[in-house]
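Chain by chain, the residues run as shown.
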Amino acid sequence: GTMSMQKFLFTSESVNEGHPDKLCDQVSDAVLDACLAQDPLSKVACESASKTGMVMAFGEITTAAKVDYEAVVREAVAKIGFDDEKKGLDY
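Residues numbered from 1 in each chain as written. Predicted model: local features only at pLDDT ≥ 70, side-chain atom pairs only at ≥ 80, totals over all residues. Heavy atoms only, no water.

**Considering the overall build of the protein**
- The secondary structure content of the protein amounts to two helices and four strands.
- In the protein, the succession of α and β elements from N to C terminus is α-β-β-α-β-β.
- For a compact globule of 91 residues, the expected C-alpha radius of gyration is about 12 Å, and the protein comes in at 18 Å, more than 25% above that figure.
- Reported as C-alpha extents along the three principal axes, the dimensions of the protein are approximately 65 × 40 × 20 Å.
- The buried share of the protein, reckoned over its 91 residues, is 21%.
- Restricting to contacts in the protein with at least 6 residues of sequence separation, those with at least 24 account for 45%.
- Total accessible area computed for the protein in this model is approximately 7,300 Å², and 52% of it derives from carbon and sulfur atoms.
- Within the protein, one finds 9 positive and 16 negative side-chain charges whose respective centroids are separated by 3 Å. (Helix = DSSP H or I, 4+ residues; strand = E, 2+ residues; numbered from the N terminus. Rg over C-alpha atoms; globule rule 2.2 N^0.38 Å. Buried < 20%, exposed > 50% of the residue type's maximum accessible area, 1.4 Å probe, protein only. Contact = heavy atoms within 4.5 Å. Areas by Shrake-Rupley, 256 points an atom, 1.4 Å probe, with all protein chains shown as cover. Lys, Arg positive; Asp, Glu negative; His and termini not counted. Charge placed at Lys NZ, Arg CZ, Asp CG, Glu CD.)

**Observations regarding a nonpolar patch on the surface**
- Side chains of M54, M56 and F58 sit close together on the surface and give an oily, nonpolar patch of about 270 Å² of accessible area.
- Residue position: M56 is located in strand β2 (residues 54-62).
- You can call M56 partly exposed: its relative accessible area is 41%. (Patch = residues over 30% accessible without salt bridge, like charges linked within 9 Å, V, L, I, M, F, W, Y side chains within 5 Å. Salt bridge = Lys/Arg side-chain N within 4 Å of Asp/Glu carboxyl O.)

**Regarding the pattern of salt bridges**
- Counted according to the given criterion, the structure contains two salt bridges.
- In this structure, E70 and R74 form a salt bridge, with 2.9 Å as the shortest nitrogen-oxygen distance. With E70 and R74 both in helix α2 (residues 69-80) and four residues apart, this pair spans about one turn of that helix.
- Linking K79 and E75 is a salt bridge whose minimum nitrogen-to-oxygen distance equals 3.5 Å.

**Some words on the side chain of S42**
- Within the secondary structure layout, S42 lies in the loop between α1 (20-38) and β1 (43-51).
- A polar side-chain atom of S42 sits 2.6 Å from a polar atom in the side chain of T63.
- For S42, the residues in contact, after removing those within four places along its chain, are C35, L36, T62 and T63. (Polar contact = N/O pair within 3.5 Å; in protein donor to acceptor, adjacent residues only side chain to side chain.)

Listed below in structure tokens is the structure:
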């Protein structure tokens, strides 16, 4: 038998610390973690979007947990270091 050489293309995306993609990933992860901490059977499909001065979390969440989503988002933003309007966002 003859082995054929197959070609493939590998791509990846990388963004720097503080990039909106990283902010949004961490916000969505924080919402998931908050739900799972109270209700391990939570079903969470949380997305996040951000712009200067705003973070929006949205999606579908089925959980018995009682989560203060605004507080969770603000804490995630604060942990990242967005604590001054000069940085584009103040938790």
